[in-house]
Structure formats: C-alpha cells, structure tokens
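The chain contents come next:
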Amino acid sequence: MYCLASLVQDDATLAGTAALQRGFAAYRDGPSLPWSIELFSFDDDDEASG
C-alpha cells in the first residue's frame, strides 16, 4: 500500500487523480497524456445487482 503523496513525488502527474470521487477511475494511454475520468464498476457488480 502506498500513500498518494509518496507516489506523486515520483510522478507529479498523479496529483490530478487526488480529487477522484468514490466510484470513478482515472485512465490514460501514456505518461505524457491527460487523465480521462470515468465512472467505474467491477464487471461482477452488474451481475450482483441484476
């Protein structure tokens, strides 16, 4: 387990993910590309609620 502050020391672009709300995830296609924030759920979450 890592503290976000420790990870940001190695990669300052991770700071942009610090404000993620519960249920969202950040993705990007490469280290120099911007983050894309999307609603997140595990595939089996849909099966459990359906």
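Use the structure listed above.
Residues numbered from 1 in each chain as written. Predicted model: local features only at pLDDT ≥ 70, side-chain atom pairs only at ≥ 80, totals over all residues. Heavy atoms only, no water.

Take the pattern of salt bridges next. For the coordinates displayed, the defined rule picks out one salt bridge. As a salt-bridge pair, Asp11 and Arg28 come within 3.1 Å of each other at their nearest N and O atoms. Taken together, the positions of Asp11 in the loop between α1 (4-10) and β1 (24-27) and Arg28 in the loop between β1 and β2 (36-39) put the pair 17 residues apart, joining distant regions of the chain. Judged by its relative accessible area of 25%, Asp11 falls in the partly exposed class. Its relative accessible area of 21% is what places Arg28 among the partly exposed residues. (Salt bridge = Lys/Arg side-chain N within 4 Å of Asp/Glu carboxyl O. Helix = DSSP H or I, 4+ residues; strand = E, 2+ residues; numbered from the N terminus. Buried < 20%, exposed > 50% of the residue type's maximum accessible area, 1.4 Å probe, protein only.)

There is a patch of nonpolar side chains on the surface, built from Leu20, Phe24, Ile37 and Leu39 and spanning about 370 Å² of accessible area. Looking at the secondary structure, you find Phe24 in strand β1. (Patch = residues over 30% accessible without salt bridge, like charges linked within 9 Å, V, L, I, M, F, W, Y side chains within 5 Å. Areas by Shrake-Rupley, 256 points an atom, 1.4 Å probe, with all protein chains shown as cover.)

Bringing the packing of aromatic side chains into the picture now. The final tally for this structure, using the stated rule, is one aromatic pair. A ring pair is formed by Phe40 and Phe42, whose centres lie 5.1 Å apart and whose planes are at 80°; its orientation type is edge-to-face. Phe42 sits in the exposed class, given a relative accessible area of 53%. (Phe/Tyr/Trp six-rings, centres within 6.5 Å; stacked < 30°, edge-to-face > 60°.)

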